[in-house]
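Structural features, examined
The primary structure of each chain is shown beneath.
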Amino acid sequence: MFRKYIATPLLAGTLAASMIVNPATASVISTQQALSADMRASTEADVRASLARDDVRQAMQQLGVDPTDADTRIASLSDAELVRMQGELDRLPAGGGALAVIGVVFVVLLILELVGVTNIFNRI
């Protein structure tokens, strides 16, 4: 009785369920997509290196910006925002431009605050 009413339908259901196979899909990425990912990683590394300087970190802390929060927010920037930030950092003078770097960081954080990505300025 167990075999007739429970085991046979269970076995048939298990067999039927094992026949359902989802096909695997894959595609080849284009050269442009691969270069775009490389370019983003390179740009992000450049921006992080610019903001990792000791004088910049101290100035960010004086303004109430946590450097680790800035690092996590860099990862959340879009490609266009990241390229724009790198361009601003590249145009700054090499020596004594810490105040300008802080200004750029402040502007980027302000833009992110206005867009609604961050909530950093409600602590102030």
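Structure report, in brief. (Residues numbered from 1 in each chain as written. Predicted model: local features only at pLDDT ≥ 70, side-chain atom pairs only at ≥ 80, totals over all residues. Heavy atoms only, no water.)

Section: the environment of L51
Summarising the element assignment, L51 is placed in helix α2 (residues 31-51). Each C-alpha atom of the pair L51 and V105 lies 8.6 Å from the other, and the pair is 54 residues apart in sequence. Among all residues touching L51, those that are not within four sequence positions of it are V56, R57, I74, M85, V101 and V105. (Helix = DSSP H or I, 4+ residues; strand = E, 2+ residues; numbered from the N terminus. Contact = heavy atoms within 4.5 Å.)

Description of the packing of α2 against helix α4 (residues 67-76)
At a minimum axis distance of 11 Å, the contact between α2 and α4 shows a crossing angle of 160°. The orientation of α2 with respect to α4, classified from their angle, is roughly antiparallel. Between α2 and α4 the crossing geometry is right-handed. Where α2 approaches α4, its residues R40, E44, V47, R48 and L51 are matched on the opposing element by D71, I74 and A75. Residues belonging to the contact of α2 with α4 are distributed by class as follows: 4 nonpolar, no polar and 4 charged. (Axes fitted to C-alpha atoms, helices over the stretch in contact; angles between N-to-C directions. Parallel < 35°, antiparallel > 145°, perpendicular 65-115°, else oblique. Left-handed = near helix turned anticlockwise from the far one by under 90°. Nonpolar A, V, L, I, M, F, W, Y, C, P; charged D, E, K, R; others polar.)

Side note on the side chain of E44
Checked against the element boundaries, E44 lands in helix α2. Not counting residues within four places of it along the chain, the set of residues in contact with E44 comprises I74, A75 and L82.

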